[in-house]
Amino acid sequence: TSRTRGRGTTSSEFAPVEVVPLPWRILALLRGGEQESTSVGETDETREFLDAAFGQVDDDDAGAFLLWTLPDKISHWYTPTQTPAAVTDVAGWSDSRDVYVGVAFSGVDRGAHARCPSDETTGIFGLWADVDVAGPEHEKQNLPPTDDDALALVDAFGPDPTFLIHSGHGLQAW
């Protein structure tokens, strides 16, 4: 199971979630079969996350955001006003694809085979922290040993994240 909480809740208000909903899958860089999975076609969760990240930006001058897929390694670029099209596209992608979201805007659509170099970004849509948990997937020895230890680290940073995502190998606070 994974845990999630909304803005303004406390650690004691975490509730277990039986499956990993799509925005967690988008952000978590999950591989098929490592976690319980849901259908890529679950648009409510996709819409909730993408609207929170990009839907409030009504000016396409902010740039383009990236959804990147594996195993095909294809970049899919959208402007903020194209967020509904991004939701529709993700819903149509097969469950065999992993979907990643870029955290920075690019000034231009860079095409299907490019991502944006960090020195050419036009801004970020929020703040995030990626806290890995010790396990066979990670070589580093100085990682929190459990999800609860990772959560304590996230809580120590403050403020409370809007989204807290269990990636399968750690936590992502947004």
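Refer to the preceding data block for the structure.
No experiment lies behind these values; they were computed from the predicted model shown.

A. Broad picture of the nonpolar core. Membership of the largest hydrophobic core comes to 18 residues, with the highest contact counts inside it found for Phe-49, Leu-50, Phe-54, Phe-65, Leu-67 and Phe-125. Breaking this core down by element, the ones donating at least two residues are α2 (43-55), β3 (65-70), α3 (83-92) and β5 (98-101). It is α2 that contributes the most residues to this core, four residues altogether. Contact partners of Leu-50, with chain neighbours within four places excluded, come to Gly-55, Phe-65, Leu-67, Thr-83, Ala-86 and Val-87. Val-133, Ala-150, Leu-164 and Leu-171 belong to the second largest nonpolar core, which has eight residues in total.

B. View of the pattern of salt bridges. Scanning all chains against the criterion turns up two salt bridges. A salt bridge links Arg-110 to Glu-120; the shortest N-O distance between them is 2.9 Å. Separated by ten residues along the polypeptide, Arg-110 in the loop between β6 (104-106) and β7 (121-124) and Glu-120 in the loop between β6 and β7 bring together distant segments of the chain. The exposure class assigned to Arg-110 is partly exposed, which follows from its relative accessible area of 24%.

C. Up close: the side chain of His-138. Relative to the assigned elements, His-138 resides in the loop between β8 (129-132) and α4 (147-157). Reaching out from His-138, the side chain makes a polar contact with the backbone oxygen of His-169 at a distance of 3.1 Å.

D. Geometry of α4. Of all the positions in α4, only Ala-150, Leu-151 and Val-154 are classed as buried. Axial view of α4: buried residues confined to an arc of 100°, hence all on one face. Of the residues trailing α4, Gly-158 is marked for its positive phi of about 55°.

E. Representation of the sheet that holds β8 in the model. Read across the sheet, three strands follow the order β8-β10-β9 without closing on themselves; strand pairing throughout is antiparallel. The open sheet has two free edges, formed respectively by β8 and β9 (164-166), since each of these has just one partner strand. Neighbour to neighbour, the strand axes of the sheet diverge by 15° on average, direction disregarded. Inspection of the sheet shows β9 paired to strand β10 (residues 170-173) by three bridges, in the antiparallel sense. Looking at β10, one finds that Ile-165 is bridged to Gln-172. Packing of α4 onto the sheet brings it into contact with β8, β9 and β10, and relative to β10 it is tilted by some 25°.

F. Representation of the environment of Ser-75. Relative to the elements of secondary structure, Ser-75 occurs in strand β4 (residues 74-78). A relative accessible area of 6% places Ser-75 in the buried class. Sequence separation of Ser-75 and Asp-109 is 34 residues, and the distance between their C-alpha atoms is 9.3 Å. Excluding residues within four positions of it along the chain, Ser-75 makes contact with Leu-66, Leu-67, Trp-68, Gly-111, Ala-112, His-113, Ala-114 and Arg-115. Here the side chain of Ser-75 touches Ala-114 through a polar contact of 2.8 Å, landing on its backbone oxygen.

G. Geometry of unusual backbone geometry. Cis rather than trans, the peptide bond between Leu-70 and Pro-71 has omega equal to 10°. Mapped onto the elements, Pro-71 comes out in the loop between β3 and β4. Phi at Lys-73 is positive, roughly 55°, even though this residue is not glycine. As for its placement among the helices and strands, Lys-73 is situated in the loop between β3 and β4. Judged by its relative accessible area of 52%, Lys-73 is exposed.

Conventions and cut-offs
Throughout this description, residue numbers start from 1 for each chain and increase along the sequence as written. In view of the model being predicted, local features appear only for residues whose pLDDT reaches at least 70, and side-chain atom pairs are presented and counted only at 80 or more, with totals across whole chains, interfaces and linings using the full set of residues. Water and hydrogen atoms play no part in the side-chain values, which are based on all heavy atoms of the structure. Nonpolar cores were defined as sets of buried Ala, Val, Leu, Ile, Met, Phe, Trp, Tyr and Cys residues, with membership established by side-chain atoms within 4.5 Å. Relative accessible area decides the class of each residue, using a 1.4 Å probe on protein chains only: under 20% of the type maximum gives buried, over 50% gives exposed, and in between gives partly exposed. Helix and strand assignments come from DSSP, with helices taken as H or I runs of at least 4 residues and strands as E runs of at least 2, each series counted from the N terminus. The contact criterion used throughout is that any non-hydrogen atoms of two residues lie within 4.5 Å. Should a side-chain nitrogen of Lys or Arg be within 4 Å of a carboxyl oxygen of Asp or Glu, the pair is scored as a salt bridge. Throughout this description, a polar contact denotes any pair of N or O atoms lying within 3.5 Å of each other; where both atoms belong to protein, one of them has to be capable of donating a hydrogen while the other can accept it, and for residues adjacent in sequence the pair is counted only when both atoms sit in side chains. Note that the arc is computed from the directions linking the helix axis to the C-beta atoms. Strand pairing is assigned whenever DSSP identifies at least 2 bridges connecting the two strands. Axis definition: a line fitted to C-alpha atoms, limited for helices to the stretch in contact. Angles are taken between N-to-C directions and run from 0 to 180 degrees.

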